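Survey of secondary and tertiary structure
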Amino acid sequence: MTIRIACLGDSLTRAQLSVDYLALLERRHPPGDVRLARYGVNGDFAHNLLRRLDAVVADPPDVITVLIGTNDARASLAGYPVERAMKRRQLPERPSAGWFQQCLAAVVERLRTQTDATIALLSLPVLGQQPDGAAAQASQAYSRVIAEVATTNEVTYLPLHERQTEELRRAGAPPIPYQEPTPAASVSVLVRRAVLRRSLDTISRRRGLTLTTDHIHQNSRGAALVAEVIDTWLPTRSA
C-alpha cells in the first residue's frame, strides 16, 4: 500500500538551495511505496507555515512531517536582519522562542483536528559547524522547544538535531564559525549551480563544511540524515 506523505517546511524542504531530502527519502523505497507531497517555502517562519495549511488539510495525507524553525532560530542570533525578515515575511510580531512555540503548537493542533494523518515533528538541522557556537546552540534550544510541543500534543518527535550532532562529532568536522548568509550569497549559489554547473556538494566541500553548503542549507550528507531520520520512523506507520 502506498503511503502518502506531506512534507512541510521552509527552504530545506523547498530544496532550491539544499539537496532534496524528499528525493533521497523516495529513493530509499521501492517504486510506488511512498508518494511525497512538498509544502516548502523559502524563508518561512512557523507563523507563515501556520497560515498556509489549507492545502494540506484539503487533501489530507497518511503521514505529515514538519521541519520548521530554522529561520525562527536564526532570528535569535546577533546580526540577523530581523526587521527586514519581518517585513518580507509579513510577521505580525518580532520572532522569539515563545512565539515559535505558540505557532508550532497551533500548526499541530490544526493538523490533528482536521486530518487523520500521523504527524511527526523533526528537530532542527545543526546551524553552523561550531558545536559551542551561538548558532548551533540556538538550533539546539529551538529543537528542545520542538520536543516539548511534540510531547505536549502527543505527536512523534524525530531527533534530527541529535543525529546531525552525532555525525559532526563522528566526522571530526572542523569548528568553522557560523556566518549568516546574505541574499547575494544565496543568489551566488543558484548561479553556480545553473551557470557553472557546480553541485551543492562541490560548493560545500570548497568551504570545508560537512553537512551544509552555507551553515544552513543541506548538502547530500546533511539531506541524507533528514531522509534517514524520517525513514527510520516510517516503518512503524506502515506496519
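Structure first, text after, so check above.
Report on the accompanying structure. Because the structure is a prediction, the values reported are computed rather than measured.

**Some details on helix H7 (residues 97-114)**
An ideal rise of 1.5 Å per residue puts 26 Å on 18 residues; H7 measures up with 26 Å between its terminal C-alpha atoms. If you check which residues of H7 are buried, you get Trp99, Phe100, Cys103, Leu104, Val107, Val108 and Leu111.

**Side note on the sheet that holds strand S5 (residues 156-158)**
Across the sheet, which stays open at both edges, the 5 strands sit in the order S2-S1-S3-S4-S5 with parallel pairing between neighbours. Strands at the two margins of the open sheet, each flanked by one partner only, are strand S2 (34-40) and S5. With direction set aside, neighbouring strand axes in the sheet form an average angle of 20 degrees. The pairing of strand S3 (residues 63-67) with strand S4 (residues 118-122) spans 4 bridges and is classified as parallel. Residue Val63 lies in a different strand from S4, and its bridge partner there is Thr118. Against the sheet, helix H8 (residues 134-152) contacts S4 and S5, and its axis sits at roughly 160 degrees relative to S5.

**Overview of the pairing of S4**
Most of S4 is tucked away: 4 of the 5 residues are buried. Taken together, the 3 bridges between S4 and S5 define a ladder with parallel strand orientation. What sits directly across from Leu121, in S5, is Tyr157. Handedness of the S4-H8-S5 crossover: right-handed.

**Quick word on the pattern of salt bridges**
In total, this model carries 12 salt bridges according to the counting rule given. Note that Arg28 is salt-bridged to Asp231, the shortest N-O span being 2.9 Å. Linking Arg28 in the loop between helix H2 (21-27) and S2 with Asp231 in helix H12 (residues 220-238), this pair joins segments that are 203 residues apart in sequence. Owing to a relative accessible area of 12%, Asp231 belongs among the buried residues under this scheme.

**With respect to H8**
Here H8 contains 19 residues, and its C-alpha end-to-end distance of 27 Å stays within 8% of the 27 Å for a straight helix at 1.5 Å per residue. Those residues of H8 that sit buried are Ala135, Ala136, Ala138, Ser139, Tyr142, Ser143, Val145, Ile146, Ala147, Val149 and Ala150. Close packing links the buried residues of H8 with helix H5 (70-74), H7, S4, S5 and helix H9 (160-171). Where H8 ends, the next residue or the one after it, Glu154, has phi of about 60 degrees, a positive value.

**A word on the nonpolar core**
In this structure, Leu8, Ile64, Val66, Phe100, Leu104, Leu111 and Leu121 are the most contacted members of the largest nonpolar core, which totals 41 residues. For this core, the elements supplying multiple residues, two or more each, are strand S1 (3-9), helix H3 (46-50), helix H4 (54-58), S3, helix H6 (82-88), H7, S4 and H8. Excluding residues within four positions of it along the chain, Leu111 makes contact with Leu8, Leu53, Val56, Val57, Ile64, Val66 and Ile119. Within the second largest apolar cluster, 31 residues are counted, among which are Ile3, Leu67, Ala173 and Ala227.

**Describing the packing of H7 against H8**
The contact between H7 and H8 brings their axes to 10 Å, and the two run at 35 degrees. Note on packing geometry: the crossing formed by H7 with H8 is right-handed. Residues Ala97, Phe100, Gln101, Leu104, Ala105 and Val108 of H7 touch H8, and the partners they reach there are Tyr142, Val145, Ile146, Glu148 and Val149. Looking at the contact of H7 with H8 residue by residue, the classes come out as 9 nonpolar, 1 polar and 1 charged.

How each quantity is defined
- Residues numbered from 1 in each chain as written.
- Predicted model: local features only at pLDDT ≥ 70, side-chain atom pairs only at ≥ 80, totals over all residues.
- Heavy atoms only, no water.
- Helix = DSSP H or I, 4+ residues; strand = E, 2+ residues; numbered from the N terminus.
- Expected span 1.5 Å × (residues − 1).
- Buried < 20%, exposed > 50% of the residue type's maximum accessible area, 1.4 Å probe, protein only.
- Pairing = 2+ DSSP bridges.
- Axes fitted to C-alpha atoms, helices over the stretch in contact; angles between N-to-C directions.
- Contact = heavy atoms within 4.5 Å.
- Right-handed = clockwise from strand over helix to strand, strands pointing away.
- Salt bridge = Lys/Arg side-chain N within 4 Å of Asp/Glu carboxyl O.
- Core = buried A, V, L, I, M, F, W, Y, C linked by side-chain atoms within 4.5 Å.
- Left-handed = near helix turned anticlockwise from the far one by under 90°.
- Nonpolar A, V, L, I, M, F, W, Y, C, P; charged D, E, K, R; others polar.

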